[in-house]
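Residues per chain, in single letters:
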Amino acid sequence: MSLLDLRDLTVTYTTEGGPVPAVRGVNLSLEPGQTLGLAGESGCGKSTIAISILRLLPSSAKVTGQILFNGDDVLTMNWGRLRAVRWAGASIVFQGALHSLNPVRKIGGQIAEPILLHDTGVSKEAASRRVVELLSQVGLPAARADSYPHEMSGGQKQRVMIAMALACEPNLIIADEPTTALDVMIQAQVLNLIAGLVRDRGIGMIMISHDLSVLSATCQRLAVMYAGRIVEEGPAHDVFTDARHPYAEALAWAFPIIGDTRTRMSPRGLPGDPPDPAAVPSGCSFHPRCAVVRPECATKEMELWPAGDGRLAACVRVLPASEDEPAVRSVKEEAGSHER
């Protein structure tokens, strides 16, 4: 049984201007102990998926489909069951630790709170010992339990958020851009910390970021989102180094490779802006920005088609031209043929 299974998940926000679809028919699964990266530009629906898993969306959101956690549909759980799943079954490391921590409560009390709420048999002394243990696991001294959030650096606050997520020993952690606004050295420390804890504890993890290089180094599988839909999914390293969808390749090329003269001498950008979720283009929603667009891209309904071993891509280029012709041509090959 999968740890997490999203089936045809759709999230639509009700606004004064009308309904706005933020997530459109997403299917994803995560096995116990597996790590999945979720990538895409701002506004593509990544964070909406993250908070929908634990039903943290505002009342203006309409959610359809299924969110199966250990086989139980989160969307149909009663309040008592949902409360038991939050923190103890699955927890979230929110982006922006400064805004997620209570500024007038000490760190130790904030970490201990979910422990005391979810295990009524634990004494305050035992919870305090558990707080010290968690701080040690994320590389912070026990004295930090008596600190307020404003007395800590950005990296330390992010470590506190990770400690809070681990407090009730969940089976799933959702890390929503956990290294946002941190310098590169602290980013590396936080990412190494998360990877080590997930590996040692066998926890399933969904990590959300716009940086494919981070996800390819941290996660086993990678899903790329555009305009509320998954456009490519597969082994993380393969998606990063040899994308099948033009948008996934554009994301990968957005980060220059040290020592690679191609990225230094010929930097690549992606023209245009992501579409308005309330007015998504017909056919492939990426076709107005695509460098290898075909006439049928504007009208053909896209779905995830097989694109290699363990890979899926929502692009007509992965479809075979005939039954006896190989299906997959890389984005680089297609672009090169246009240039010639």
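## Things to note about the overall build of the chain
A count of helices and strands for the chain gives 12 helices and 12 strands. In the chain, which comprises 340 residues, the proportion classed as buried is 48%. Look at the contacts in the chain between residues 6 or more apart in sequence, and 63% of them connect residues 24 or more apart. If you sum the accessible surface of the chain, you get close to 16300 Å²; carbon and sulfur atoms cover 53% of it.

## Overview of the environment of Ala-127
Within the fold, Ala-127 resides in helix H5 (residues 124–137). Overall, the relative accessible area of 1% leaves Ala-127 in the buried class. Ignoring sequence-local partners within four residues, the contact set of Ala-127 consists of Ala-112, Ile-115, Leu-116 and Val-122.

## Side note on the sheet that holds strand E1 (residues 4–15)
The sheet built from 4 strands is open, its strands ordered E2-E1-E4-E5 with antiparallel pairing. The open sheet has two free edges, formed respectively by strand E2 (18–30) and strand E5 (72–73), since each of these has just one partner strand. Of the pairings in the sheet, the one linking strand E4 (residues 61–69) to E5 comprises 2 bridges and is antiparallel in character. Across the sheet, the residue bridging to Leu-68 is Asp-73, located in E5. Strands in contact with helix H1 (residues 46–53) are E1, E2 and E4; relative to E1, the strand with the most contacts, it is inclined by about 110°.

## Considerations on the packing of aromatic side chains
Under the counting rule described, the total for this entry stands at 3 aromatic pairs. Ring pairing ties together the aromatic residues Tyr-226, Tyr-247 and Phe-286, which thus form one cluster.

## Re unusual backbone geometry
For Arg-55, which is not glycine, the phi dihedral falls at a positive 55°. By the secondary structure assignment, Arg-55 is in the loop between H1 and E4.

## Some remarks on the sheet that holds strand E9 (residues 221–226)
Taking strand neighbours across the sheet as the criterion, the 8 strands line up as E6-E7-E8-E3-E9-E10-E12-E11 in an open arrangement whose pairing is mixed. The open sheet has two free edges, formed respectively by strand E6 (90–93) and strand E11 (305–306), since each of these has just one partner strand. Pairing of E6 with strand E7 (residues 172–176), which is carried by 4 bridges, proceeds in the parallel orientation. Paired with Val-93 across the strands is Ala-175, a residue of E7. Helix H10 (residues 246–253) rests against E9 and strand E10 (229–235) of the sheet, and its axis sits at about 105° to E9.

Calculation criteria
Residues numbered from 1 in each chain as written. Predicted model: local features only at pLDDT ≥ 70, side-chain atom pairs only at ≥ 80, totals over all residues. Heavy atoms only, no water. Helix = DSSP H or I, 4+ residues; strand = E, 2+ residues; numbered from the N terminus. Buried < 20%, exposed > 50% of the residue type's maximum accessible area, 1.4 Å probe, protein only. Contact = heavy atoms within 4.5 Å. Areas by Shrake-Rupley, 256 points an atom, 1.4 Å probe, with all protein chains shown as cover. Pairing = 2+ DSSP bridges. Axes fitted to C-alpha atoms, helices over the stretch in contact; angles between N-to-C directions. Phe/Tyr/Trp six-rings, centres within 6.5 Å; stacked < 30°, edge-to-face > 60°.

Remember that the coordinates give geometry; whether it matters functionally is a separate question.
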